[in-house]
Amino acid sequence: MVVRILLAIFLISFSQAKSFASLKEPKKHGHSQFALVNCDDTKNGIGIDWDGEDDYIPLDKYKCMNRSSIVSKKPFLQEMCRTPPSGYHLCLYDEINYPESVPIGGPHRPVWVTYGEYIYMPPQRWVHAIEHGAAAFLFNPCADSNEIENFKKLAKNCLRRHVITPFNHLPEGELFNVVTFGCKLKLNTIKNNENKIIDYLRRHAIKEGPEFHIAEDGDYKFGLLEKAKILTDLADSKICPFN
C-alpha cells in the first residue's frame, strides 16, 4: 500500500514538472498562435518589448526626437543578405535582444501580426512577420515627410503582407530599411530608388520566408493604424502588381 502511494506521488510530480517545462521551453517554428499556454495573449505583458506599459508606447519609439541629427548626404543604398539566426518562440516573460539594431531573423513572440501600418511595432513582432514572408518597412520618423509617405505608399501597393513602422534605431546614415527574411535593403532616400525597392521585394519577399505558406493575419494588432488590403490574392502571388 505504501509503495503504491509513493508511486502515485512520483507520477503526479513528474507530470507537473513536465507540464511546467513545456511552458518554459522555446517553441521552434510552429503554426499555432497559442503554441505556449498562457504565454502571449497579445495584451498582457507586451510592454516588455518597448520597456514600458502594456497600453502605452513611449513617444521616443515612434516620434522624431532629434531632427537636427538628420543631415543631407550623398544618396545611399545597400542590400545585405546572410543566413539569419535560428528562429524560435519566446514567451512574454522572457526578454528578446538582438545582436544588431535591425534583425533579419531570430527569436520572436509566438503570436504573429495583423499586417498593415502601425504607430509602432517592436522587432520582436515583425521578425515573426518576415518569417511568414512579409516585408517590414522601417523608417526614421525624422526623415522627410514626403519621403515617408512615398515609402508607405510603395509598401501598400506592393504586397498585403507588409508591416510599416517608425523605427528610431536605424543605423546612422540610414533613413529607411526594407527587411525580409535573411535580407535587408538599406537606404537614405526613396526618390529615384522606387524601382530598386520593387526589384528587391520581387526577389526576396514572400517565398524566402520559411513559413511563407501561412498567409493569414495573426492576432497581434496593438497600435494598428491601417490594416493591409489584398492586392492580388491572400498569398501575394504577384508582388507590386501595379508596376
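Everything quoted here is computed from the prediction, not taken from an experiment.

On to the packing of aromatic side chains, then. Counting across every chain of the model gives four aromatic pairs. Ring geometry for tryptophan 50 and phenylalanine 222: centres 5.6 Å apart, planes at 15 degrees, overall stacked. Note that tryptophan 50 is positioned in the loop between strand 1 (27–28) and strand 2 (77–81) and phenylalanine 222 in the loop between helix 4 (194–204) and strand 9 (224–227), a separation of 172 residues in sequence. Overall, the relative accessible area of 1% leaves tryptophan 50 in the buried class. A ring pair is formed by phenylalanine 151 and phenylalanine 176, whose centres lie 4.9 Å apart and whose planes are at 55 degrees; its orientation type is tilted.

One finds Val113, Tyr115, Trp126, Leu138, Val179 and Tyr220 to be the most contacted residues of the largest nonpolar core, which totals 32 residues. Elements with a minimum of two residues in this core: helix 2 (123–131) and strand 5 (135–139). Here this core takes four residues from helix 2, the largest share from any one element. When neighbours within four sequence positions are excluded, tryptophan 126 is seen to be in contact with Val102, Pro103, Met121, Ala136, Leu138, Val163, Thr165, Phe167 and Val179. Counting 26 residues, the second-largest nonpolar core is a separate cluster that includes Ala135, Phe137, Ala155 and Ala205.

Turning our attention to the state of the cysteines. Taken as a whole, this structure holds four disulfides when the rule is applied. Across the disulfide from cysteine 64 sits cysteine 142; the S-S distance is 2.0 Å. Judged by the torsion about the S-S bond (100 degrees), the cysteine 64/cysteine 142 disulfide is right-handed. Of this pair, cysteine 64 sits in the loop between strand 1 and strand 2 while cysteine 142 is found in the loop between strand 5 and helix 3 (145–156), placing the two residues 78 residues apart along the sequence. What makes cysteine 64 partly exposed here is its relative accessible area of 24%. By relative accessible area, cysteine 142 is classed as buried at 7%. Disulfide pairing places cysteine 81 opposite cysteine 183 at an S-S distance of 2.0 Å.

Scoring rules and cut-offs
- Residues numbered from 1 in each chain as written.
- Predicted model: local features only at pLDDT ≥ 70, side-chain atom pairs only at ≥ 80, totals over all residues.
- Heavy atoms only, no water.
- Phe/Tyr/Trp six-rings, centres within 6.5 Å; stacked < 30°, edge-to-face > 60°.
- Helix = DSSP H or I, 4+ residues; strand = E, 2+ residues; numbered from the N terminus.
- Buried < 20%, exposed > 50% of the residue type's maximum accessible area, 1.4 Å probe, protein only.
- Core = buried A, V, L, I, M, F, W, Y, C linked by side-chain atoms within 4.5 Å.
- Contact = heavy atoms within 4.5 Å.
- Disulfide = S-S within 2.5 Å.

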